[in-house]
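One letter stands for each residue in the lines below.
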Amino acid sequence: MSEPTKEELLARIAELEKQTGARPRGSLECRVGEKGGVSVYGLGRCPVTLYYEQWNRLLDAADNLRAFLEENKSRLKLKNRD
């Protein structure tokens, strides 16, 4: 039996990703956990999990958080520095 070609392997990988429902790179996915927390996947290596009230508090503070980030941008580590 011969070794599969690179193209055959790439086609097989694409087929398996479709079957597993792999999400596109960079997209966010939300799930509700067993304990009732909402986890957001896709921000980093580990999901961010908060409870309903915590998400609402964070979302309510979004404008203040954005302002804080802009004020401190020079001190923050950025992947793509502008």
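Here's a quick rundown of the structure. (Residues numbered from 1 in each chain as written. Predicted model: local features only at pLDDT ≥ 70, side-chain atom pairs only at ≥ 80, totals over all residues. Heavy atoms only, no water.)

### Focus: the packing of aromatic side chains
Then step 1. Across all of its chains, the model carries zero aromatic pairs by this definition.
Then step 2. Looking at Arg31, its charged tip hangs above the ring of Tyr41, at a distance of 4.1 Å from the centre. (Phe/Tyr/Trp six-rings, centres within 6.5 Å; stacked < 30°, edge-to-face > 60°. Lys NZ or Arg CZ within 6 Å of the ring centre and 35° of its normal.)

### Observations regarding the side chain of Ser39
Then step 1. For Ser39, the position within the fold is in strand E2 (residues 38–41).
Then step 2. Polar contacts involving the side chain of Ser39 include one to the side chain of Thr49, which spans 2.6 Å.
Then step 3. Apart from the residues within four sequence positions on either side, Ser39 is in contact with Glu29, Cys30, Arg31, Pro47, Val48 and Thr49. (Helix = DSSP H or I, 4+ residues; strand = E, 2+ residues; numbered from the N terminus. Polar contact = N/O pair within 3.5 Å; in protein donor to acceptor, adjacent residues only side chain to side chain. Contact = heavy atoms within 4.5 Å.)

### Points about the sheet that holds strand E1 (residues 29–32)
Then step 1. In spatial order, the strands read E1-E2-E3; together these three strands make up an open sheet with antiparallel pairing. Both outer strands of the open sheet, E1 and strand E3 (48–50), are each paired with one neighbouring strand and no more. The average angle at which neighbouring strand axes cross in this sheet is 20 degrees, direction not considered.
Then step 2. Examined bridge by bridge, E2 and E3 share three bridges and lie antiparallel to one another. Its bridge partner lying in E3, Val40 is registered against Val48.
Then step 3. Strand contacts of helix H2 (residues 52–60): E2 and E3, with the helix running at about 110 degrees to E3, the strand carrying the most contacts. (Pairing = 2+ DSSP bridges. Axes fitted to C-alpha atoms, helices over the stretch in contact; angles between N-to-C directions.)

### Digging into the pattern of salt bridges
Then step 1. Evaluation of the coordinates by the stated rule reveals two salt bridges.
Then step 2. Among the salt bridges present, the one from Arg12 reaches Glu15, with a minimum N-O distance of 3.0 Å. With Arg12 and Glu15 both in helix H1 (residues 6–20) and three residues apart, the pair spans about one turn of that helix.
Then step 3. Taking relative accessible area as the criterion, Arg12 reaches 42% and is therefore assigned partly exposed. (Salt bridge = Lys/Arg side-chain N within 4 Å of Asp/Glu carboxyl O. Buried < 20%, exposed > 50% of the residue type's maximum accessible area, 1.4 Å probe, protein only.)

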